[in-house]
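Inside the fold
Below, each chain spelled out in residue letters.
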Amino acid sequence: MDAMNPRSDKGDTKERAADGPRDADVLVVGAGPTGLLLAGDLAEAGLSVTLLERRPDTTSNLTRALSVHARTLEQLDARGLADELVAGGHRISRLRLFGRADLDPSQLPSRFPFVLITPQFEVERLLDRRARKAGVVFRYDSEVTGLEQDADGVTVHLRGAGGTTSVRGAYVVGTDGVRSTIREAIGLPFPGKSVIRSVVLADVRLAQEPESPFTVGATDDAFGLLGSFGDGWYRVIGWNRHRQADDDTPADLAEVQEVARLALGKDYGIHDARWISRFHSDERQAPEYRVGRVFLAGDAAHVHSPAGGQGMNTGLQDAANLGWKLAAVIQGHAPAALLDSYQAERHPVGKMVLRSSGAIIRLALVHHAPGRAARAVAAQLVNRLRPLSRRAVRNLSGIGIAYPAGPGAHRLAGHRAPDIQLADGSRLYELLRQGRFVLITPAGGPAVAQGPANSGDAPSHPAPARPDASRPTPSRTDAPRPDAPRPADGRLIHAVWRGDRRTALLVRPDGYVAWATDATAPAERAAALRTALLHWTGATPDGTTPADATSARSSSAAADTSTTPTTTPTVTPTATSTGASTVIPTPAHDADRPADR
């Protein structure tokens, strides 16, 4: 791969070199927010991506989401999209749960200490634009009717206006919603139950402007919310205990007005609905997010109540977790076992969201006196106990979610990396826009070689994979020694702490800490860093990847061993400690630590 042009390897990925021709490296099924973010990430990493969507391109997607939480905004910031989205939305600095418990996101340790109220279609608009710019191929009016997978790839069968056809990719990701055809095609159940029915949703105009762009209310018999789109239209979502009907029973403007009066105290002169619908909400989760070369993300993998506004946010973070791993494996930088960590990391998060949103909605709907008393006590605890309130808002926002890390791992491993200020005035999440690992070391820490092993010139950072003219130049230490730890070309950015922090951090492309050390002895820190770079970026001190080494050995082996995956590493580090430093085991084997710490 040309380190100065990471996208130049589209025709030479490790998997494609070994396997037969395909239509794309990855087929993403479903053009909602989750699919759009994932497709854009993969394309910007240099892969060929086809996005399949059942709808014609003239039919807009039905959108229900209205809130974007802090961690999702950080992920969008790492793609250069957050500021534009924030500029067009409304910031909410206080949340109210089941009408009584107040949460304060303004205390979040984030660049985005608020909940952004903006319609889902605005998120989709930005992600769609980015995906197209990155080269994603969109195929609308393409309904999946089935698939087959083998050791080399997946063939997806389609039906559209032009008849039937098939496409083939190395991997398939189903982001096609709660009624996922991909999930059904790979035989995964979707166990769960309906938690609430006959929820009315409408986009309307108001005769009276609300006191806040986001209004929430609840009584014993109803709950409702009213959110502004910022253009004169408002989203109304409401539930009336005494107006329960099937999804196919039409709702009208009078019912929307009634539920607003019950839940919010008045209807604000609701009029001119541009559309009204009725839906029910389930709690369901697939037991596995992966079967072979097929993955599930977003609502195809998990669905839950709208309480807390976590649905779209959870799906977007699924995509952020999976994208860099698929790219690393397909391009030969990581062993295929890395893909197992998607299940290990994201399935517990999905389960946690089901439980938390379910608890919120059940407390809101409780009708009997003991239940109302328990709800009042829960609200008082949240309002009065700051540690409990902080934990609740951190989990709801996604800021508090962490991934498993092995025994003996550094205390930061698996946790979200904050938007660290760097020595040259740049921010960590600006550097993450390049889609690479970021190594942050103290000033004067170990140098890291970036160019070819035998290059006599001081290395420079390769051109970014995610074009952004406003991106600052990363901080660097002095030129490395010839024997300095050497990541695979184009896989790493080296930056320096601003201030006197002594911890060295390796941050994954999705903004979570892969490895850290507090070691201060130069030799000790350099040795730990060398092992960590080999483990996470797939590089050896001579500049070759483990996959290259395995491939070279395989070429001289007997013919009956030619199917051995070329991504198998020559060294598989285990959890070892060197003083204060720790090498983190492959995430696929780290399921022993809870995801929410």
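These numbers come from a predicted model, not from an experiment. (Residues numbered from 1 in each chain as written. Predicted model: local features only at pLDDT ≥ 70, side-chain atom pairs only at ≥ 80, totals over all residues. Heavy atoms only, no water.)

1. A short note on the packing of aromatic side chains
In this structure the tally under the stated criterion is 10 aromatic pairs. Aromatic pair Phe-295 and Tyr-342: ring centres 6.1 Å apart, planes at 65°, arrangement edge-to-face. Taken together, the residues Phe-295 in strand β18 (residues 294-296) and Tyr-342 in helix α9 (residues 340-365) connect sequence positions 47 residues apart. Looking at Tyr-342, the relative accessible area reads 0%, which means it is buried. (Phe/Tyr/Trp six-rings, centres within 6.5 Å; stacked < 30°, edge-to-face > 60°. Helix = DSSP H or I, 4+ residues; strand = E, 2+ residues; numbered from the N terminus. Buried < 20%, exposed > 50% of the residue type's maximum accessible area, 1.4 Å probe, protein only.)

2. Observations concerning the confidence of the model for the protein
Overall, the predicted model of the protein reaches an average pLDDT of 80, with 73% of residues at or above 70. Per-residue pLDDT stays below 50 along residues 451-478; that stretch engages in 79 contacts with residues further than four places along the chain or on separate chains. Ignoring residues within four places in sequence, the model shows residues 540-544, a span with pLDDT below 50, making 10 contacts including any to other chains. (pLDDT = per-residue confidence, 0-100. Contact = heavy atoms within 4.5 Å.)

3. Focus on the pattern of salt bridges
Pairing is possible between side chains that carry opposite charge, provided their charged atoms lie close to one another. Enumeration over the complete set of coordinates arrives at 34 salt bridges. Asp-150 is paired through a salt bridge with Arg-168; the nearest N and O atoms lie 2.9 Å apart. Of this pair, Asp-150 sits in the loop between β9 (143-149) and β10 (154-160) while Arg-168 sits in strand β11 (residues 163-174); the two residues are 18 residues apart in sequence, bridging distant segments of the chain. Of the residues examined, Asp-150 reaches a relative accessible area of 40% and is grouped as partly exposed. A salt bridge links Asp-419 to Arg-427, with the shortest nitrogen-to-oxygen separation between them at 2.3 Å. Arg-427 gets classed as buried once you look at its relative accessible area, which sits at 10%. (Salt bridge = Lys/Arg side-chain N within 4 Å of Asp/Glu carboxyl O.)

4. So, the sheet that holds strand β13 (residues 214-218)
Read across the open sheet, the six strands follow the order β13-β14-β15-β12-β16-β19; overall the sheet is antiparallel. In this open sheet, the two edge strands, each paired with only one partner strand, are β13 and β19 (302-303). Bridge analysis of strand β16 (residues 271-285) against β19 gives two bridges, and the strand direction is antiparallel. By the bridge assignment, Arg-284 is partnered in β19 with Val-303. (Pairing = 2+ DSSP bridges.)

5. Describing the side chain of Ser-228
Within the element layout of this structure, Ser-228 appears in strand β14 (residues 222-228). One polar contact links Ser-228 to His-90, side chain to side chain, over a distance of 3.5 Å. Each residue touching Ser-228, except ones within four places of it in the same chain, is listed here: His-90, Ile-117, Pro-213, Trp-233 and Tyr-234. (Polar contact = N/O pair within 3.5 Å; in protein donor to acceptor, adjacent residues only side chain to side chain.)

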